[in-house]
Every structure is written in structure tokens, then in C-alpha cells.
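Observations on the model geometry
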Amino acid sequence: MTGPIASTSGVSEAGDGQGAARPMISTRDLSKSYETAGGEIHALDRIAIDVAPGEIVALLGPSGCGKSTLLEILAGLIRKSSGEVEINGGPPRPRPEVGIMFQQALLFPWRTVAANVLLPAELIDGRGQDWRERAESLLAMVGLSGWADKYHWELSGGMQQRVALARVLLLDPDILLLDEPFGALDEMTRESLDVEMMRIAAEASKTVVLVTHNVYEATLMADRIFVFTARPGRIAGVVEVERPQPRGIEFSTTPEFSEKVAQVRSLLSSGGEG
Amino acid sequence: MTKEITREVDGQEAETGPERGDRWERVIGPIGATFLAVVLIVAGELLVANGVLNEIIVPRPTHVLSALVSTLSEGFFYTHLWVTTSEVLIGFVLGTLIGFSVGAALGISRRARAIAYPYIVAFQGLPKVVLAPLFITIFGFGIESKVVMAIAISFFPVLINTMAGLTGVDPQARRLMRSLSASDWHVFTKLSLPSSLPLIFAGVKTGLTLALVGAIVGEFVGAERGLGYLLDVYSYQLEVPRVWAITGILAAMGVILFLVIEWVDRKVVFWQSRRDMSATM
């Protein structure tokens, strides 16, 4: 299924040959500042992050801490100001091995569910229909078999995000960048989608960067949680969650979970004061 | 039109249940409208027959009806009808194409927008009918000047709405397209254009109605054929029932054109009406 992409993903074989230990995502001294009418705003200040292949990390912090900015830099949607960024051994730019998911499902209302899922393939090789079978199996995987020919107004918010999930998985990306993908959904729908996301990531050993402001979501899903301070965005600390993947929702009722949540909270509050 | 009425009735009937409201509306609408028409016609007939209204000013409805029948049975009427219809349709199609092309150019290029902005503001403020004498002078008394008038009056809403649609595309959706390495052409054809279609079609609908206005105004100012010309002649000859009959025909023409474009709109921008429906459900 990844056949049509293989030619464009040669980047992954390039690099300095450090082998399997090389991080999938790596930033050094990464900074970002904006020029505004009120002067310069430091969104990110010397961020250093390494994400190993197959790892799930969360970027957690209050709004305005620059975590979404960091994700957009990783996705190649905006430029860094200074420092280094490497994605899969190359500079960040939009490409098929990197999938990004936003808070809104962003389904096009003039397209059916299947046509929405096929959009990434259509933009790459212009022959979306070749991917139809894969799109349908992905829809089945996210629990929407039989919905291929419906339109988005027939779907609930959670179902729309499932379609967006199928869409981001179509080109089988190695890296998933998730910008609060389930943030607009109710708590129960969000949890079930979180669990599903972990299962998918674990099965296909995908590297996941999750941006969230939800401490529980971060603790439930992430192997490591980078806690950010607000403006300028700095990393206040990292919390490791050793529980093996994929996790179920029952993890959230364990003492280990509560302990990690407490650790994250104390980092968040210390960051807030500093 | 019907959509607004539906909403009002739904609002009033909310407590007795929307289904009952809908059924009631479906029955009362046509019956009430027909009843009102009968009342107006009978009242007009009686008022004119009893001399309350002067027949030179307001004709008897029965006279208007017989004028309508005799007008429709005369061959030369269809010449005039054909002339006006051609003016309207040619003007509307060309006006829509020009409005869309210029609107798309302005919607895509920020520089073009900056240059064109003062002209857009000036043209928006101009009552376009004042251009009619100018066009008659330039393009003569034939069909050309009316077509140009119809273009001038109908292209503008299409232009404005196309531009507004293209500049108003959801920035999040643009970000999604960029993250999928979409080319500028793909962003335009697969996102910007379809997402602008509801607004563009709203402009096209206004443009069609205005094209009719443009053609008739052009014919008023100077023409040798057309329903506007015929209206002018009958008015001058004090053939008041025929004036009313032609007016009724023009109204019918406007309604037919609007219904056709409404139908096309619902087919092309199918997701818009569906979204409205699910929003009211």
C-alpha cells in the first residue's frame, strides 16, 4: 500500500547512518519569535526534544505556550527562527511520511466520507480511486464501515474526527503530529478515541507527537510528557510514564496514573510561577 | 423565500410540534395566497366599476386579462419577447463569466485587489442604471446596448461574491491542504473554489434578477424592440390594460428565471441546503 510513496520517502534512508538509535524527531536550541505591532514575541525558547521511533510523546502546557507552534514547525507549516530541527533525518516539510491532525476534522462538505479520506492520495498522484480499497479498510478500522458514501452532516463530531483519523492514516505516515485532535469532543468520546489512537500507533509502530492541554489525556497516552511553561515557551520538565503500550482506559484508575498526573501538575504550576 | 416562511412558521408552531406546523403551512399557504388574489381582483373590479378608481389609471382586472390574452395571441409580441429574453440571457451569461473571472483574479491576488479596490468602491456606489444613456450612445439602439447594460448591472454581485468567497476560505482548511503538499492549483480547485460556490451562486442569483432590470432599463432609454420598448409604447398610447399585462408577463419571466437558477443552485451547491436542513432538524 505504501508503494506510491516509496519514491518520495527516500529521505528516511539518507542521513548519517547512526542506525536504529537515531531519533525520529530531534530539535536543538529551537526558537521561534514573531514580529508583531507590539514588538517581538518569543513563542518558543531553545527547545530540545528527541522522539524515538515508535514513541508517543505529549507536549503539554497552558494555551499560548507555543506547543502548537512547535508542532507546526515539525510539520513544516511554519519556519523556525533559529536552532536545529530534523524529522526522519531531514528538514521539516510537508510530506507523506508525516501526517498531521487538527482540532477540527476539516472534512469538505462537498465530498463524501470516502472522498474526504482519499484527499491526500488525490493530491499526491491524482489517482485517488486507486486507494479506494485502502480507504474503506481504514474506515472499517475506525468503526465507520458502511459510512463511505455519507456526507459529513450525517455524522456526529466524534465520527467526523474518526474520518479525519482515517484520512491521516491513508498514506501510512511514520509520524503522526496531533494538534489537540479530540479537544473539541466530549470527554467519553475523547477517551475512546485516545485508546483507539494508541492501539493504531502501537500496531503500526508509529511515532506520535500529541499536543494537548489535558493532563489526563497526556498521561493516558504518552510515554513521555514534555511540560511547557507559558510565554516564552520553554520545557519545564519531562515526565516518563513507563506503562507499556497500547494502554487501555483502565490505566487511568491506577495509583501509578494518579502519581504521574500529580507530577505533571506540579511541573505545570512551578512553570506557571517561573 | 419559502425558506424564510418555513422558519417563521416553525418558530410559531414550536410548542404544538414542528410536524403539525409543517402540514398546516403546506395547506394554508397555497389556499391563502389564492384567496388573497381573488379578493384583490374582485375588489379591483368593484372599485373601478363603481368609479371609485379611475379606469385610465387603474384598469379593471378583467380588461387586463383580456389584454393579456390578445397580447399573447399576437405574433409581434413574441418578437419582442425573444429580443428581451436574448438580451437578458446573453447579458447574464457574459456578466457572470466576467464577474467570476475578475472576482477570481482579485480573490487570488492580493496585489490586484489593492489596485482594484478604489474602482470597486466607486462602482459599488454608482447607480448602474445611469449608464444606460451612455451605452445607447456608444452601442446604438439595437440589442448590443441592452446586452452591455445587462452585463454592467449583473456582473458586479458575481464579482464581489466570488472575491469574498475566495478570500474567506477557512485558514484551517488551507493549513490542512498545505500539510498534504497540495499545489496552488489543487488548493484552488479542491478547496477554494468549492468552498466559495455557495457565495458565488448567491451572487449569480442576484445577477440574473439584475440582468432583467438592466435589459428593460436599456429598452426604456432607447430601443426599437423588446418588452420594455413595448411597455413604453403602450404607456404612451394610454393602453393601460396592456401596460399591466406586459408588466405581469415581465414578472412571470423574472419568477421563471429565478426558479430555474434556484434549481441549478440546489443541484450544484447541494451540501449547502443539506447543511441548513440538518441545522434546523
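Residues numbered from 1 in each chain as written. Chains lettered and ligands numbered in written order. Predicted model: local features only at pLDDT ≥ 70, side-chain atom pairs only at ≥ 80, totals over all residues.

What follows deals with the interface of chain B and chain A. The partner chain A presents 16 residues to the 15 residues of chain B that form the contact. Counting residues per element, the ones that place at least two in the side of chain B that touches chain A are helix 8 (171-179), helix 9 (184-221) and helix 12 (270-280) of chain B. Tallying contributions element by element places helix 8 of chain B first for the side of chain B that touches chain A, with 6 residues. For the side of chain B that touches chain A, the class distribution of residues is 6 nonpolar, 5 polar and 4 charged. (Contact = placed C-beta atoms within 7 Å. Helix = DSSP H or I, 4+ residues; strand = E, 2+ residues; numbered from the N terminus. Nonpolar A, V, L, I, M, F, W, Y, C, P; charged D, E, K, R; others polar.)

Residue and element names in this part refer to chain A. Domain boundaries assigned for chain A yield domain 1 (22-28 + 52-97 + 174-274) and domain 2 (107-172). Here the C-alpha centre of domain 2 lies 25 Å away from the C-alpha centre of domain 1. The partner domain 2 presents 6 residues to the 8 residues of domain 1 that form the contact. Here the side of domain 1 that touches domain 2 is composed, by residue class, of 7 nonpolar, 1 polar and no charged. (Domains from an automatic or database assignment.)

Quick look at the confidence of the model for chain B now. Residue and element names in this part refer to chain B. For chain B, per-residue confidence averages 86 on the pLDDT scale, and 90% of positions sit at 70 or higher. For the stretch residues 1-17, pLDDT sits under 50, and the model shows 10 contacts to residues farther than four places along the chain or on other chains. In this model, residues 277-281 is a region of pLDDT below 50 whose contacts with residues beyond four sequence positions or in other chains number 1 contact. Complex prediction metrics read pTM 0.80 and ipTM 0.83. (pLDDT = per-residue confidence, 0-100.)

Moving on to the environment of Gln161 of chain A. All names here are of chain A. Mapped onto the secondary structure, Gln161 falls in helix 5 (residues 157-169). Separated by 32 residues in the primary sequence, Gln161 and Leu193 place their C-alpha atoms 8.8 Å from one another. Excluding anything up to four places from it in sequence, Gln161 contacts Ala105, Pro181, Phe182, Leu185 and Leu193.

In this section: the sheet that holds strand 2 (residues 39-51) of chain A. Residues and elements named next belong to chain A. Read across the open sheet, the 3 strands follow the order 2-1-4; overall the sheet is antiparallel. Unpaired on one side and paired on the other, strand 2 and strand 4 (82-87) mark the two borders of the sheet. Looking at each pair of strands side by side, their axes are set apart by 30° on average, direction ignored. Where strand 1 (residues 25-36) and strand 2 come together, 9 bridges link them in antiparallel fashion. In the sheet register, Tyr34 faces strand 2, and the bridge partner there is Ile41. (Pairing = 2+ DSSP bridges. Axes fitted to C-alpha atoms, helices over the stretch in contact; angles between N-to-C directions.)

All right, on to the sheet that holds strand 3 (residues 56-60) of chain A then. Residues and elements named next belong to chain A. Taking strand neighbours across the sheet as the criterion, the 6 strands line up as 5-6-7-3-8-9 in an open arrangement whose pairing is mixed. The open sheet terminates on both sides in strands that have one partner only, identified here as strand 5 (98-101) and strand 9 (234-240). In this sheet, neighbouring strand axes are inclined to one another by 15° on average, regardless of whether the strands run parallel or antiparallel. As paired elements, strand 3 and strand 8 (residues 224-229) share 4 bridges and run parallel to each other. Paired with Leu59 across the bridge in strand 8 is Phe226. Relative to strand 5, helix 5 is tilted by about 165°, and along the sheet it contacts strand 5 and strand 6 (175-179).

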